[in-house]
Amino acid sequence: MKKILIISMLILLAGCASKEPPFDPVTAFQDAEKNMLKENFEKARKEYQEIQEKSPDKSYDAALMLRIADTYFGDEKYDEALVEYQAFLNFHPVHKDAVYAQYQIAMCSFKQMTTIDRDPAPTRAALREFQTLLRKYPKSVYDEPAKKNISACLDRLSEYEFYVGRFYHKKGAYKAAAGRLDNLLLVYPGSSAERDALYYDGLSHLELNERDRARVAFETLMKKYPSMKGRVEPLVEREKLVKN
């Protein structure tokens, strides 16, 4: 009997020793925040997600949802981050940090912009989301950086259009080149690609024997960019494009 009692007590003590302390979401959140500061994003993400799993009332907590999105962004996993920021906006559309989430959605695409010879889809997406931010959250703290990034997006898109237009011109597809460059000049006035676009636009129209349109392009080029006169004036005189 005594032996049985001792065994029972040992089992009871072993059970008590192996029992884990109750999960504390506050402590877990603090630990995750420390890892965020250290840029241990994956570890922090797992800790935030553990809080969601073990504390059902925190599943759609605004701070947790935003932090998880930030960990993906910090890890440069922009597609995953975008999904999480959008989920935050879906569940918390009027939250004080909604404007931040919208800015980060735009930045997820902005960070994925590539060179001008690649698909400009991320640039177009970034432009659209920055414009959405200005429309939905006027005069926010992100107003100026959003406008600056919009300008960068427009320049990148204009450079892409010029890249394609010049490619057509060099291939002898002058009609396609002129169409592309005409559109660039209409949609992206004053862009970083405008000067070169005007030059190749004039050349393309000249090849198509559209002399009036070529003259207008060259005259506009010399007026807006006087440094191009030395290159363009001899061409205009040689081709007799001077307006009577």
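This one's a predicted model, so the numbers in the text were calculated from it and none came from an experiment. (Residues numbered from 1 in each chain as written. Predicted model: local features only at pLDDT ≥ 70, side-chain atom pairs only at ≥ 80, totals over all residues. Heavy atoms only, no water.)

A. Region of interest: the overall build of the protein chain. When its secondary structure is counted, the protein chain shows 12 helices and 0 strands. Walking the protein chain from its N terminus toward its C terminus, one meets helices and strands in the order α-α-α-α-α-α-α-α-α-α-α-α. For the protein chain, contacts bridging at least 24 residues in sequence account for 51% of all contacts bridging at least 6. Carbon and sulfur atoms make up 54% of the accessible area of the protein chain, which totals about 15,000 Å². (Helix = DSSP H or I, 4+ residues; strand = E, 2+ residues; numbered from the N terminus. Contact = heavy atoms within 4.5 Å. Areas by Shrake-Rupley, 256 points an atom, 1.4 Å probe, with all protein chains shown as cover.)

B. Broad picture of the packing of aromatic side chains. On inspection of all chains with the given rule, the structure shows 11 aromatic pairs. Pairing Tyr199 with Tyr200 gives two aromatic rings, centres 5.5 Å apart and planes at 90 degrees, and the pair type is edge-to-face. By the burial criterion, Tyr199 is buried, and Tyr200 matches it. Put simply, the rings of Tyr85, Tyr100, Tyr103, Phe110, Phe130 and Tyr142 pair up and form one aromatic cluster. The ring of Tyr72 has Arg45 sitting right over it, with the charged end atom 4.2 Å from the ring centre. Residue placement shows Arg231 over the ring face of Tyr199; its charged tip is 4.2 Å from the ring centre. (Phe/Tyr/Trp six-rings, centres within 6.5 Å; stacked < 30°, edge-to-face > 60°. Buried < 20%, exposed > 50% of the residue type's maximum accessible area, 1.4 Å probe, protein only. Lys NZ or Arg CZ within 6 Å of the ring centre and 35° of its normal.)

C. Geometry of the environment of Ala152. Positionally, Ala152 belongs in helix α8 (residues 143-170). On the basis of relative accessible area, Ala152 is assigned to the partly exposed category, the value being 30%. The spacing of Ala152 and Thr123 is 29 residues in sequence and 9.2 Å in space, taken between C-alpha atoms.

D. Quick look at the nonpolar core. Counting residues in hydrophobic clusters, the biggest one holds 62 residues, and the most contacted among them are Tyr85, Phe130, Tyr199, Phe218 and Val232. Top element by residues in this core is helix α6 (residues 98-110). It accounts for 9 residues. Here Tyr85 is in contact with Leu66, Ala69, Asp70, Phe73, Tyr100, Ala101, Gln104, Ile105 and Cys108, once residues within four sequence places are set aside. (Core = buried A, V, L, I, M, F, W, Y, C linked by side-chain atoms within 4.5 Å.)

E. Main features of the pattern of salt bridges. Inspection of every chain in the model, using the stated rule, returns 12 salt bridges. Salt-bridge contacts for Glu50 lead to Lys54; the nearest nitrogen and oxygen are separated by 2.8 Å. Within this pair, Glu50 and its partner Lys54 are both found in helix α3 (residues 41-54), separated by 4 residues, close to a single helical turn. Residue Glu50 is classed as partly exposed on the basis of its relative accessible area, which comes to 27%. The partner of Asp196 in a salt bridge is Arg195, and the shortest N-O contact between them spans 3.3 Å. Of the residues examined, Asp196 reaches a relative accessible area of 28% and is grouped as partly exposed. Overall, the relative accessible area of 34% leaves Arg195 in the partly exposed class. Sharing partners across several salt bridges, the network here consists of Arg124, Glu161 and Arg180. (Salt bridge = Lys/Arg side-chain N within 4 Å of Asp/Glu carboxyl O.)

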